[in-house]
Amino acid sequence: MDLGLAGRTAIVSGSSKGIGRAVATALAAEGCNVCMTARGRDALDDAAGSVRALDRGRVVAVAADMTTEEGVERVVDTCRTELGPVDIAVTNVAGPKSLGFAATGDQAFVDAYRDMVLSVVWMVRRVLPDMRGSGWGRIVNIGSDCIKDVHREVPLLLANVNRAASVGLLKTLADELGPDGITVNNIAVGAILTENRITFHQRFAAEQGKDVADVQNANTEHIPVGRFGDPAELAAVVGFLCSDQAAFVTGETIAVNGGRSRTLF
């Protein structure tokens, strides 16, 4: 299927590894020009080199903290200068620490809101002129399936609160931006086997004196498909949401978690 993305320009945050890198790769494979960004320069340059090797669209790498207004502004300005007007924005920032209410101070709530909600606001504000100017745009947020089924196995208070807040923002934006030809969607990410998840399993296994394979198997018991997802599988969903074919899909939160959520909607 031709997704109609050749020549489009996309910004993908958090794209030095894991889900963000897979999304940047998928969009570039469709012929997008991609602005990749992350805080760590070395990992970002490595990822950008891999995407450039596809020899499809142009690739620009900008080291920046996308949870700051300055970082978002610099990335969008650089993308616009180097690649042209922005057509696609994929917002992807790391989740907060796992903490319960008693251990969570007021500043932690403020920081988490900045990271997961305001960072999206800042991105949308800066790419909107380009998208409205062309009458076409795609905004996709990489979230968590905790907004569909609150996680209980670990204390994810800050994620539960602020991922839900971001969905409220995105749903409202979908209403406002639909007439401009701009779709806005959210991915409820489940158990995707990224580098960070593998590192977590290794550390947990060492602390508990268990085999890493046993830890991973235990974590797939409640996933109907019986395994972790691959970042490329999630990236394929994002690619479709960014396509011409998905022009009638907006305001949605789509779970990519192997069926783990037990909710009806």
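Coordinates for the structure precede this section.
The following refers to the structure shown. Everything numeric here is computed off the predicted structure, so don't read it as measured data.

1. Here we look at the overall build of the chain
Here is step 1 of the chain: Broken down by element type, the chain carries eight helices and seven strands.
Here is step 2 of the chain: Of all 265 residues assigned to the chain, the portion counted as buried reaches 48%.
Here is step 3 of the chain: In the chain, of all internal contacts separated by at least 6 residues, the share reaching a separation of at least 24 is 75%.
Here is step 4 of the chain: Element-wise, carbon and sulfur atoms account for 53% of the exposed surface of the chain, whose accessible area totals about 12,500 Å².
Here is step 5 of the chain: Counting 26 positive and 32 negative side-chain charges, the chain places the averaged centre of each group 1 Å from the other.

2. Some thoughts on the pairing of strand 4 (residues 88-91)
Here is step 1 of the chain: Burial along strand 4 is two-sided: the face carrying Ile 88 and Val 90 and the face carrying Ala 89 and Thr 91 are both buried.
Here is step 2 of the chain: Of the pairings in the sheet, the one linking strand 1 (residues 9-13) to strand 4 comprises three bridges and is parallel in character. Across the sheet, the residue bridging to Ala 10 is Ile 88, located in strand 4.
Here is step 3 of the chain: Bridge analysis of strand 4 against strand 5 (residues 137-142) gives four bridges, and the strand direction is parallel. Note that in strand 5 the partner of Thr 91 across the bridge is Asn 141.

3. Considering the pattern of salt bridges
Here is step 1 of the chain: As enumerated under the stated definition, the model contains twelve salt bridges in all.
Here is step 2 of the chain: Two residues, Glu 233 and Arg 227, come together in a salt bridge whose shortest N-O distance is 2.8 Å.
Here is step 3 of the chain: Note on Glu 233: relative accessible area 37%, which makes it partly exposed.
Here is step 4 of the chain: Linked by salt bridges that have partners in common, Asp 77, Arg 80 and Asp 130 make up one network.

Conventions used here
- Residues numbered from 1 in each chain as written.
- Predicted model: local features only at pLDDT ≥ 70, side-chain atom pairs only at ≥ 80, totals over all residues.
- Heavy atoms only, no water.
- Helix = DSSP H or I, 4+ residues; strand = E, 2+ residues; numbered from the N terminus.
- Buried < 20%, exposed > 50% of the residue type's maximum accessible area, 1.4 Å probe, protein only.
- Contact = heavy atoms within 4.5 Å.
- Areas by Shrake-Rupley, 256 points an atom, 1.4 Å probe, with all protein chains shown as cover.
- Lys, Arg positive; Asp, Glu negative; His and termini not counted.
- Charge placed at Lys NZ, Arg CZ, Asp CG, Glu CD.
- Pairing = 2+ DSSP bridges.
- Salt bridge = Lys/Arg side-chain N within 4 Å of Asp/Glu carboxyl O.

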